[in-house]
Amino acid sequence: MRTARWSARRPRYTVVVVAAVLLLGVGLTACTGAPAEAPATSGTAQASSAAPEPSATPAPDPVLLPDGSASENLVYFNFLAAAVTKANPNADGRAYIDALVAGGFDRTAMEVSFDRTQADLAADSIQFSVRFNGECLIGQIGPASDGFHSVVAPILSTGLCLVGSTRQIDW
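Every chain begins its residue count from 1, and numbering advances along the sequence as written. Thresholds applied to this predicted model are a pLDDT of at least 70 for local features of residues and 80 or more for the giving and counting of side-chain atom pairs; totals over whole chains, interfaces and linings are not thresholded and use all residues. Think of the side-chain values as coming from all heavy atoms in the structure, minus any hydrogens and water.

(A) Spotlight on the sheet that holds strand β3 (residues 135-141). Any two strands are treated as partners once DSSP identifies two or more bridges connecting them. Helix and strand definitions here come from DSSP, where helices need a minimum of 4 consecutive H or I residues and strands a minimum of 2 consecutive E residues; each element is numbered from the N-terminal end. Reading across from one edge, β1-β2-β3-β4 is the order of the four strands in this open sheet, with antiparallel pairing throughout. Edge positions in the sheet fall to β1 (110-112) and β4 (149-154), since each of these pairs with one other strand and no more. Adjacent strand axes in the sheet meet at a mean angle of 15°, parallel and antiparallel pairs treated alike. Bridging between strand β2 (residues 126-132) and β3 involves seven bridges; their strand directions are antiparallel. Each residue of the ladder has a partner; that of Phe132, found in β3, is Glu135. Strands β2, β3 and β4 of the sheet are contacted by helix α2 (residues 70-87), whose axis makes an angle of about 25° with β3. Lying over the sheet, helix α3 (residues 93-102) contacts β1, β2 and β3, oriented at roughly 165° with respect to β1. Interaxial angle, 0 to 180 degrees, is taken between N-to-C directions of lines fitted to C-alpha atoms, where a helix line uses only the stretch in contact. By definition in these notes, contact holds between two residues if any of their heavy atoms fall within 4.5 Å.

And the structure:
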């Protein structure tokens, strides 16, 4: 008998549960909607139309740290190289060397690879380096290198930073 009563109540119980779930769902959906804007009153300005908030002060440009390590100067090295690339995406090795010299690095401690191959084709990438406080700052850019890359590396046993023949920096 008890089962018969429960069976009779089941459709009504199911309807009540479904209705409650729907009402709860609609209520939650209403809570997640976009907030209503405050009504504007005549004669008063809204806070959002006031003077814009001051933006954060931009970080200062990096500088050469002559007594710092190569790692500490990598950001500055990258900053100088990025300026060359931004000014001329097809810049040659000389442009990078000139920028590094203008930025305070020692020209006599620099190396740069050739811009052209022995077959007089444009090089796939250009490498340039600076020996700095016992280490090497090395940059590479070109189509084969997928953009600019840099690294701090130990000086080679040859006393140089780049492997292979490099261009004489005589300008």
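(B) Local environment of the confidence of the model for the protein chain. Values of pLDDT, which run from 0 to 100, indicate the predictor's confidence residue by residue. Looking at the protein chain as a whole, its pLDDT mean stands at 81, while 68% of the residues score no less than 70. Counting interchain partners and residues more than four positions distant, the pLDDT-below-50 stretch residues 13-48 has three contacts.

(C) Quick look at the pattern of salt bridges. Basic side-chain nitrogens of Lys or Arg form a salt bridge, by our definition, when they fall within 4 Å of a carboxyl oxygen of Asp or Glu. Taken as a whole and judged by the stated rule, the model has four salt bridges. With a shortest N-O distance of 3.5 Å, Asp98 and Arg94 are connected by a salt bridge. Of the two residues, Asp98 and Arg94 both sit in helix α3, four residues apart, roughly one turn of that helix. Buried means the residue's accessible area, taken with a 1.4 Å probe over protein chains only, is under 20% of the maximum for its type, while exposed means over 50%, and partly exposed covers the values in between. Using a relative accessible area of 35% as the deciding quantity, one classes Arg94 as partly exposed. Where Asp115 meets Arg167, a salt bridge forms, and the shortest distance between an N and an O atom there is 2.8 Å. Here Asp115, found in the loop between β1 and β2, pairs with Arg167, found in the segment after β4; they are 52 residues apart in sequence, far enough to count as distant.

(D) Broad picture of α3. Of the positions making up α3, those classed as buried are Gly93, Tyr96, Ile97, Ala99 and Leu100. End-on, the buried residues of α3 take up no more than an arc of 160°, which puts them together on one face. Elements that come into contact with the buried residues of α3 comprise α2, β1, β2 and β3. Where α3 ends, the next residue or the one after it, Gly104, has phi of about 110°, a positive value. Here the arc refers to the set of directions running from the helix axis out to each C-beta atom.

(E) Up close: the pairing of β3. Here β3 lies mainly inside the structure; five of its seven residues are buried. Of the pairings in the sheet, the one linking β3 to β4 comprises six bridges and is antiparallel in character. Bridge pairing in β4 places Glu135 opposite Pro154.

(F) Structural view of unusual backbone geometry. You will see that Asp120, though not glycine, has its phi angle at about 60°, which is positive. Note on placement: Asp120 falls in the loop between β1 and β2. Asp120 sits in the exposed class, given a relative accessible area of 52%. Not every positive phi belongs to a glycine, and Asn133 is a case in point at roughly 45°. Position of Asn133 relative to the elements: it lies in the loop between β2 and β3. Classification of Asn133 as partly exposed rests on a relative accessible area of 49%.

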